[in-house]
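Commentary on secondary and tertiary structure
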Amino acid sequence: MPAVRSHCRVFNPLGWWQEEDPEKAGRRLLVIGCGPSGIQILRQLWKDFEVTLVEPKDYYEFTPGILRGLCHPQHLETLLLPLEDALAGMRVNHIKGRVVRLSERSAQVDSPVHGLMAVDFDYAVVAVGSQYAGNSLWKVSGAAEADELSLIGRRKSLEAMRQNLEDLEKEQKTLVLLGAGLVGVELAAEVKHYFPTLRVVLADRSQTVLPVLPKDAQDYAQTWLKEHGVDLRLGCELPRDETALLKALEIDEAKVLLCAGLGFHAGMAATLECVDASGQITTNRFMQCIDSKGHPSADGRIFALGDCVNVRGTEMRFTKDIYPAEAMANVVVSNLRRLRNDPGSANLEDCIFVRNGGVVTTGWIAVQMKHQVEVTKMGEMRQEMWGSFVWSLVPHW
């Protein structure tokens, strides 16, 4: 198996070699995935590390806008960008391929150009995202079919689906969207706008659309959909078999699109024992990969962020969208810069607690005190008894 070993030279898949900056010795950073969070890591750290990116696609896509891009070809062109343009000006070695196995200091990469190859690193960031179950149209990950991984193939796939919608409208057929969450509701609205005479059925087991959003948002969306002719089938059983599904919905013939159910593709990190039962990578609040006992993997040198993670130690789960992913990127960047300057500080469970101008304590105890400040202060904001009581005793002068 060929290897990329950057002790003295860095391999670039375009076929040339470059000398490694001596000041960056021991600072080989592997970034796996170039979605919204991965590209933030690249932009902020390419000057600080010798960066290798493993990403199977040759383009960058603004996924939240892709449902309009599906229905409106001119808008689609504003959402897609060749990856080489997105990386222009950055010293990043892009290997087009997938990481199939991640260990503590090396990744096994399956590249269509180079075959199986080993990429050694000092630090790694996993940002492989997620994908909607059964359908890569709404979100393309590294697990997508080969033709979705090229910019040309992606355009053709969306064009084919748009043509399918046009045909359904002309033939007065029905489109069934399964899942009344964010994707299902937005797609139903976009389709009714661009294909107004197409019959659209939006079905979900939930009693309401947008079940994760506040009630006023649910009511607004539900009213809009009804006013624009979307046939809502809520709170009903939805058999997995398509024939049984259409029978349950009392529809003779229809095009069915799945708009719910996220899948995760972090199996490459299984050997690090940080992947949970749902397929997500477990991290601590510093975004370091951790095992089931909470111990950082690879001495705290491997991080993960974005849709593919389940962050332990937070009071709520992060939503799977861009804003939390980019916020996580800032945490990872800060911690990697700290590790760059002090490689021995991989255990980030450290803190300084200061009161009245003096250091009260440091280390693990200070970390716990900081955590209690967070917990009780948020309890006070929620008008909980314990948090309100604690902060009623704290003078503010």
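Computed from a prediction, not measured in an experiment: that's the story for all the values here. Along each chain, the written sequence defines residue order, and numbers are assigned to residues from 1. With the structure being a predicted model, the display of local features is reserved for residues of pLDDT at least 70 and the display and counting of side-chain atom pairs for 80 or more, all residues being used for whole-chain, interface and lining totals. For the side-chain quantities, the full set of heavy atoms in the structure was used; hydrogens and water were omitted.

For this analysis, a salt bridge means a side-chain nitrogen from Lys or Arg found within 4 Å of a carboxyl oxygen belonging to Asp or Glu. In total, this model carries 15 salt bridges according to the counting rule given. For E190, the salt bridge is made with R68, and the minimal N-O distance between the two is 3.1 Å. One end of the pair, E190, is in helix 6 (residues 182–194); the other, R68, is in helix 2 (residues 66–71), with 122 residues separating them in the sequence. Overall, R68 belongs to the partly exposed group, its relative accessible area being 34%. Note that R155 and E77 form a salt bridge whose closest N and O atoms lie 3.0 Å from each other. Residue R155 is found in helix 5 (residues 151–170), and its partner E77 is found in the loop between helix 3 (73–76) and strand 7 (80–82); the two are separated by 78 residues along the sequence. Judged by its relative accessible area of 39%, E77 falls in the partly exposed class. Within this structure, R28, R105 and D122 form a network of salt bridges that share partners. Helical segments are the DSSP runs of H or I of at least four residues, strand segments are the runs of E of at least two, and each set is numbered from the N terminus. Only protein chains enter the accessibility calculation, which uses a 1.4 Å probe. A residue is then buried if its area is under 20% of the maximum for its type, exposed if over 50%, and partly exposed in between.

Take the pairing of strand 14 (residues 174–178) next. Counted residue by residue, strand 14 has five buried out of five residues, so it is predominantly covered. Burial of strand 14 is two-sided: the residues T174, V176 and L178 facing one way and the residues L175 and L177 facing the other way are all buried. In this description, strands pair whenever DSSP reports at least two bridges between them. In the sheet, strand 14 pairs with strand 15 (residues 199–204) via five bridges, with the strands oriented parallel. Looking at the pairing, L177 lines up with L202 of strand 15. Note on the crossover from strand 14 through helix 6 to strand 15: the handedness is right-handed. With the strands pointing away from the viewer, any crossover whose connection runs clockwise from the first strand over the helix to the second is right-handed.

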